[in-house]
Amino acid sequence: MTAPLTPPHQPPPNDDPWQKGPSGATRWPGPAEDPAPGPGTRAELGQAAIVAVLLTVAGVLLGLLWVWLAPRVPLVSDGKNVFLQDSEGEQAIGADGTFALLALGFGLVSALAAFFFRRHGGVALVLALAVGGLLGSLVAWRLGLWLGPSDDVVGAAKHAGKGVTFDAPLRLAAKGALLAWPVAAMVVHLGVTAVFGPRDPEPVWTPGGYAATPPPPGPGDGPAGT
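Calculation rules
- Residue numbers restart at each chain and count upward from 1, following the sequence in its written direction.
- Totals for whole chains, interfaces and linings use every residue, but because this is a predicted model, local features are given only for residues with pLDDT of at least 70 and side-chain atom pairs only at 80 or more, for both listing and counting.
- Here the side-chain values reflect all heavy atoms present in the structure, with hydrogen atoms and water set aside.
- The helix count covers DSSP runs of H or I at least four residues long, the strand count covers runs of E at least two residues long, and both are numbered beginning at the N terminus.
- We call a residue buried when its accessible area falls under 20% of the maximum for its residue type, exposed when it is over 50%, and partly exposed in between, using a 1.4 Å probe and counting protein chains only.
- The quantity called pLDDT is the predictor's confidence in a given residue, expressed from 0 to 100.
- Contacts are assigned to residue pairs with any non-hydrogen atoms lying within 4.5 Å of each other.
- Here, nonpolar core means buried Ala, Val, Leu, Ile, Met, Phe, Trp, Tyr and Cys residues that are tied together by side-chain atoms lying within 4.5 Å of each other.
- By convention, a stacked pair of Phe, Tyr or Trp rings (six-membered ring in the case of Trp) has centres within 6.5 Å and planes under 30 degrees apart, an edge-to-face pair has planes over 60 apart, and any other such pair is tilted.
- We call a charge positioned over a ring when the NZ of a Lys or the CZ of an Arg lies within 6 Å of the ring centre and within 35 degrees of the ring normal.
- The span you would expect from a helix comes to 1.5 Å times its residue count less one.
- The residues that make up patches have over 30% relative accessible area and no salt bridge, and they are joined within 9 Å when like-charged or within 5 Å when they are Val, Leu, Ile, Met, Phe, Trp or Tyr.
- Each accessible area is a Shrake-Rupley estimate made with a 1.4 Å probe; only the visible protein chains count as cover when residues are assessed.
- The term salt bridge refers to a pairing of a side-chain nitrogen on Lys or Arg with a carboxyl oxygen on Asp or Glu at a separation within 4 Å.
- Each axis is a line fitted through C-alpha atoms, and for a helix only the stretch in contact is used; angles between axes span 0 to 180 degrees, taken between their N-to-C directions.
- Reported orientations rely on four angle classes, namely roughly parallel under 35 degrees, roughly antiparallel over 145, roughly perpendicular from 65 to 115, and oblique for the rest.
- In this scheme the handedness of a crossing depends on how the near helix is turned from the far one: anticlockwise by less than a right angle means left-handed, clockwise means right-handed.

1. Section: the overall build of the protein
Check the secondary structure of the protein and you find five helices and five strands. Start at the N end of the protein and walk to the C end: the helices and strands fall as α-β-β-α-α-α-β-α-β-β. Counting the 226 residues in the protein, one finds 29% classified as buried.

2. Observations regarding the confidence of the model for the protein
Of all residues in the protein, 58% have pLDDT values of 70 or greater, and the mean over the chain is 75. Mean pLDDT across the elements of the protein ranges from a minimum in strand β5 (residues 209-211), with 53, to a maximum in helix α3 (residues 123-147), with 94. Ignoring residues within four places in sequence, the model shows residues 28-39, a span with pLDDT below 50, making ten contacts including any to other chains.

3. So, the nonpolar core
One finds L62, W66, F99, L172 and W181 to be the most contacted residues of the largest nonpolar core, which totals 27 residues. Broken down by secondary-structure element, the contributors of at least two residues to this core are α1 (39-69), α2 (91-117), α3 and α5 (180-196). Considering each element in turn, this core owes the most residues, seven residues, to α1. Leave out the neighbours within four places in its chain, and F99 touches L62, W66, S137, A140, W141, L172, A177 and L178.

4. Some remarks on the packing of aromatic side chains
Scanning the model with the defined rule gives three aromatic pairs in all. With a centroid separation of 5.6 Å and 75° between ring planes, the pair formed by F115 and F116 is classed as edge-to-face. Above the ring of W141, the side-chain terminus of R142 is found at 4.9 Å from the ring centroid.

5. Some details on the environment of W68
As for its position among the elements, W68 is in helix α1. Counting along the chain gives 80 residues from W68 to G148, while the straight-line C-alpha distance between them is 8.8 Å.

6. Some points on the environment of G122
Tracing the sequence through the fold places G122 in the loop between α2 and α3. A C-alpha to C-alpha distance of 9.5 Å links G122 and L190, two positions 68 residues apart in sequence.

7. Quick word on α5
Relative to the 24 Å expected for 17 residues at 1.5 Å per residue, α5 spans 24 Å between its end C-alpha atoms, a close match to the ideal helical length. Restricting attention to buried positions, one finds in α5 the residues A180, W181, P182, A184, A185, H189, V192 and T193.

8. Topic: the environment of R171
Along the polypeptide, R171 turns up in the loop between β3 (166-167) and α5. Separated by 78 residues in the primary sequence, R171 and I93 place their C-alpha atoms 9.5 Å from one another. Not counting residues within four places of it along the chain, the set of residues in contact with R171 comprises W66, A95, D96, L145 and D151.

9. Quick notes on a nonpolar patch on the surface
The grouping of V131, L134, L135, L138, L179, V183 and V187 at the surface amounts to a nonpolar patch, some 560 Å² of accessible area in total. Elements that contribute at least two residues to the nonpolar patch include exactly α3 and α5. Among the elements that take part in the nonpolar patch, α3 stands out by supplying four residues, more than any other.

10. Looking at the side chain of T98
Topologically, T98 is positioned in helix α2. Taking the relative accessible area as the measure of exposure, T98 reaches 15% and is therefore buried. The residues touching T98, leaving out its near neighbours within four places in the chain, are W66, L69, A70 and P71.

11. Observations regarding the packing of α3 against α5
Viewed as axis vectors pointing N to C, α3 and α5 meet at an angle of 155°, and their least axial separation amounts to 7 Å. Our classification of the angle between α3 and α5 gives roughly antiparallel. Crossing hand, α3 versus α5: right-handed. Contact with α3, carried on its side by L125, V126, L129, A130, G133, L134, G136 and S137, involves W181, P182, A185, M186, H189 and L190 of α5 and no other residues of that element.

As structure tokens, then:
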């Protein structure tokens, strides 16, 4: 009588993707966990910092355009008091509108430039657009006040003389216009990324679990019927 060739208590093969762990929990046969942040994250943060700095510097151009395109508010003095030359004029509102429209245009351009600079989205890049746009708006606002007509109305009236029209200081009454650039940049970038951004591959089932891409065909694989 001979001994059996296979041990009577040989454990089953360990290839069941739904096998029980030591604690009785079932393993999920899905993709492995993402690795810890590494050089890719540092590169993304560096690119976001560059975007924020560039947008802040671009605020100088926005300020120059605002000073150039904003309508002037004409004032006139009678020697004692200063009056609006046109009491029903809308030049003051036009200055706010000009700033807001220019800021919206800068937000659109900066969002498109950031998308083409880095096709993938990401929280860091969106935050950089928001922070850089806000800082750029602040730079443009303060630069416009500095380069615009003097805020010394009394001195300007004395210099102009009685009955001579002069320009009022450039003002931004609607401070909400400072948010036009960052809000437009974030909305446009999120929309463009959602429409034209890269898509993650659909998971495909394999005997070992889910794979991000289908496995390569084997030597005997081919179209049905061949």
